[in-house]
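The primary structure of each chain is shown beneath.
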Amino acid sequence: MFRTISIFVFIATFVCIGVCCLVSPCSKECRWGPVNVLRRLIHVFTLLLLQQKLSPIGVLKKLIYLLAVLCFIVLAITGFYQRLILDEPISGYLMMIHATFAPIFAICLAALAVMWASSNRFEKSDCPSVQRILRCVTRLRIPIEASGCNITLLAQKITFWIIMFLALPLILSIIMSMFSLFGTAGQEFLLATHRWTALAFAVVAIVHTYLTIRAQMKQY
Amino acid sequence: MKSKIIAALVLSQWLFTYSVLAGDVAKLPGDESDGSRATPIHLIPLYAENEDGEKGEQIKPDAEFPMPFSTRWTCSSSDCHSYETVSKGWHFNSVDPNVTAGRVGEPWIYFDPKLGLQVPLSYRPWPGTFRPEEIGLSAFQFTRIFGRHMPGGGPGEVDSNDFDEIARQFVSGKLEVNCFACHNAHYGQDMGGLGGYAVQVTRENFRWAAAASCEFASVTGSAAKVLETYDPFMPDPDEENAPRVTYRKERFNENNEVLLQIVREVSNERCYYCHSDLYYSHSGDTEKWTSDEDVHLKAGLKCVDCHRNGIEHNMIRGYAEEAGISQNPLAATSSCEGCHLSEGGDEPEAGRLGAPVPTHPGIPPIHFEKLTCTACHSGPWPAEQTVLTKTSRAHRLGTPNVNKAKEMLPHIISPVFAKEGEAVAEYSGRHAASEDGKIAPHKVIWPAYWGKLEDNGVKPIELAIVEKVISGVFTDLELPATGDWPVVTKDMIATALKALTKTVDGKAVYAAGGRLYSLDDSDQLVEQANHPAAAPYMWPIAHNVRPASQSLGVRYCEDCHSPDASFFFGGVTIDTPVVSERESIKKMVEFQDISPFYAWAFAFSFVFRPWLKVIALACAVVIAAVLLLYALRLLGCIAKVFAEQE
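Owing to the predicted nature of the structure, the values given are computational and were not obtained by experimental measurement.

Caption draft 1: Looking closely at the overall build of chain B. Tallying secondary structure elements over chain B gives 20 helices and 20 strands in all. Each of the three principal axes of chain B carries a C-alpha extent, and together these read 120 × 95 × 50 Å. Taken across its 646 residues, chain B has 39% of its residues classed as buried. Residue pairs in contact within chain B that sit at least 24 positions apart in sequence constitute 63% of those at least 6 positions apart.

Rendered as structure tokens:
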């Protein structure tokens, strides 16, 4: 069942992203010439997704982000390949690679949580609809932003926090199984938790990455 | 008139019903329990078998030349127990080609150090064993050699086709199923004593063996020493070597009946006669009192509490897959999982006989897919190198004049943690490869035999030819007192192969220690390492089961997952008579169908496992702290909204 659902969810995610790209292209002017595509690819792969900061902290933030993305890709491939493609549990060298990159990814997630939480906190300006509701139900004098809701930014923030929230069961489920606390039933529960959380995490991470690219491309 | 018609109808109906039922019910009164758990009294007459193979005279102890009693005609006299049903049981049905062989088990091992032979034999089609007739052993000869640790029946009752042997078999009789070997609870049941069952079998006193094993009879003489023309049914008083039985008169009552101490549930001592193991530990302690018995026995169970059977004697062997092939209704619930872990259907099944239900804390479930229960719980704790092991059946344990030296042949090596149903990847052509095979502890024997190369493999050469040719070559061979292999060199093997090649049709070869030796066109010795024909024969270890607190992995994962863990990297001795190859060792991992480098790398990664736990937990704490911080901020905002504050 997990295999079927995972394949379906991944396909659905990529289809939705594709549809979103087509229905609502990120660039204001749809420039699809070869040079423009190449520029976009260069921007993506050098990850000018992040605003260039020349300070050491900025460099560190970018490096951690790059490392996190790399770890995520490796973990997703090693974690899902055997289960989805070969329909067998993860084992062998893939499992060793998965277990090697996992702590690095955990460190990156913790660092990202500290470094990016502030910039991803929700503000009144994120969604004018909320401002309108508050103005109606309270006596607060809340100025309503003239600009509309920045859906991309809002979704980006939401996915960031979902990622952070899902990181906890993702990490804890597998670490708890390494202690002599849970019997076979508990081990199977923890493994199932890790599996399903990983699926949700992967989907949200893919969406978050897409939204981040989209947001930066808009700026660009 | 009317009443007569009704009576006739009722009678005919009753007769019809009875005849139908009688046709379906083949069991004798003693074959089916009435529900009482008490043991019926066995005050019974004893009967011999006559020269026609039928029920003979009742045994009278004061007869001049009493015959030995026959278990077939005694136990089935008075229509008590169906001998035919019992003799189809697992212990007796090895020669029946229609019986499903099931999981491979311990073979009978024919060995002869003078000829460089160590051959695993079995009538069951277990891959890796040879049928006795492949090396020229008839059922009669097989019974004479190995019947000492057989409960009778099987090859002991096979009629010989050889003219000379037919006469010999008439003198010796057949080795019937010896019910007393298991079911006689008297302390005088003598299987391995100086005049007991094993000695009688060796003397070819098959007809007398069961009687000799009982406490109320003794047997002298030897059928092997009398002529083939001797008639045991008309004993010659002048024939001093003829087998004779003497009964203790005080055991017979006025009706010439004997009160037998028969039990349904066999005691462990009876099983131990054939099923004892001796593991030579590296510390050198081999006395029984220095090692612990199976934890199930110490918990109060008997062997037969798990290895149950009905009158069919279709004994439960106790492995997980048995339920799929056995007719025994308890097979599914009598394996390790069946007793300890079974989920059951309408009723709970786990915990039979007080079996604890294990939780296996901290063990990832993948272990239960890759390992059998016995891998962690049974046999000796894996050490740096495997140890020599003795078994009752291979080493005649419990019989007179056993060579107690550690190196006594045959050499059985254990424990070898290997994939069930598959020896080594290189040997997969020889054994029934099973991709789903789990890793289990095994006993191993490295076959050594002379054969000839054929299209479909190597066929062993018959013993008669081997004896004739090889003993002429190995004339100066010094046999060590320990019973170990003599010094056999490669030159000797080359000379022997040259001699054999002149005698047999085809190319003569010698398999030993995993290698196949042959001669090339210029008569030079050629070796092929890891040859399928020389593959080790392995059979799973189930006992002794260690307590849970002594199972692999109970302390830490590094019991198995460390770069020097014996489970993966322990040495497996390669046993061979060839002196230059005797120091060879294989790693345990080579028998597990796992890449040695991967096993080492994975084990090495466990060095960093504690760091992984600490780092991951610390990261989780940090993430949780961030989530908590901003969750509290959100809560603060909500509180301000409800307080209608800015």
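Caption draft 2: View of the interface of chain A and chain B. Tallying the contact residues gives 36 residues for chain A and 28 residues for chain B. At the level of secondary structure, the elements contributing two or more residues to the side of chain A that touches chain B comprise helix 4 (92–116), helix 6 (151–176) and helix 7 (184–219) of chain A. With eleven residues, the top contributor of residues to the side of chain A that touches chain B is helix 4 of chain A. A class-by-class count of the residues in the side of chain A that touches chain B yields 26 nonpolar, seven polar and three charged.

Caption draft 3: Expanded view of the pairing of strand 11 (residues 412–419) of chain B. Residue and element names in this part refer to chain B. Of all the eight residues making up strand 11, eight are buried; the element is thus mostly covered by neighbouring parts of the structure. Across five bridges, the pairing between strand 11 and strand 12 (residues 439–445) is antiparallel. Across the sheet, residue valine 416 finds its bridge partner in strand 12, namely histidine 442.

Caption draft 4: Focus on the sheet that holds strand 13 (residues 449–454) of chain B. All names here are of chain B. Read from one edge of the open sheet, five strands run 14-13-15-16-17, paired in antiparallel fashion. Each edge of the open sheet is held by one strand with a lone partner, namely strand 14 (457–460) and strand 17 (525–528). In this sheet, neighbouring strand axes are inclined to one another by 35° on average, regardless of whether the strands run parallel or antiparallel. Pairing geometry for strand 15 (residues 507–512) and strand 16 (residues 515–519), over four bridges, is antiparallel. Opposite alanine 512, over in strand 16, you have arginine 515 as the bridge partner.

Caption draft 5: Up close: the sheet that holds strand 9 (residues 277–279) of chain B. Residue and element names in this part refer to chain B. Sheet architecture is open: five strands sit in the order 9-10-11-12-18, paired in antiparallel fashion. Both edges of this open sheet fall to strand 9 and strand 18 (537–540), since each of them pairs with a single strand only. Within the sheet, the average angular offset between the axes of one strand and its neighbour, ignoring direction, is 45°.

Caption draft 6: View of helix 3 (residues 56–86) of chain A. An ideal rise of 1.5 Å per residue puts 45 Å on 31 residues; helix 3 of chain A measures up with 44 Å between its terminal C-alpha atoms. When we look at burial in helix 3 of chain A, the residues that qualify are A:Cys71, A:Phe72, A:Leu75, A:Thr78 and A:Gly79.

Caption draft 7: Focus on the packing of helix 1 (residues 2–23) of chain A against helix 3 of chain A. Residues and elements named next belong to chain A. Viewed as axis vectors pointing N to C, helix 1 and helix 3 meet at an angle of 110°, and their least axial separation amounts to 9 Å. As judged from the angle between their axes, helix 1 and helix 3 are roughly perpendicular. Handedness of the helix 1/helix 3 crossing: left-handed. Together, Arg3, Ser6 and Ile7 of helix 1 and Phe80, Arg83 and Leu84 of helix 3 make up the contact between the two elements.

Analysis parameters
- Residues numbered from 1 in each chain as written.
- Chains lettered and ligands numbered in written order.
- Predicted model: local features only at pLDDT ≥ 70, side-chain atom pairs only at ≥ 80, totals over all residues.
- Helix = DSSP H or I, 4+ residues; strand = E, 2+ residues; numbered from the N terminus.
- Buried ≥ 20, exposed ≤ 12 C-beta atoms within 10 Å, placed from the backbone.
- Contact = placed C-beta atoms within 7 Å.
- Nonpolar A, V, L, I, M, F, W, Y, C, P; charged D, E, K, R; others polar.
- Pairing = 2+ DSSP bridges.
- Axes fitted to C-alpha atoms, helices over the stretch in contact; angles between N-to-C directions.
- Expected span 1.5 Å × (residues − 1).
- Parallel < 35°, antiparallel > 145°, perpendicular 65-115°, else oblique.
- Left-handed = near helix turned anticlockwise from the far one by under 90°.

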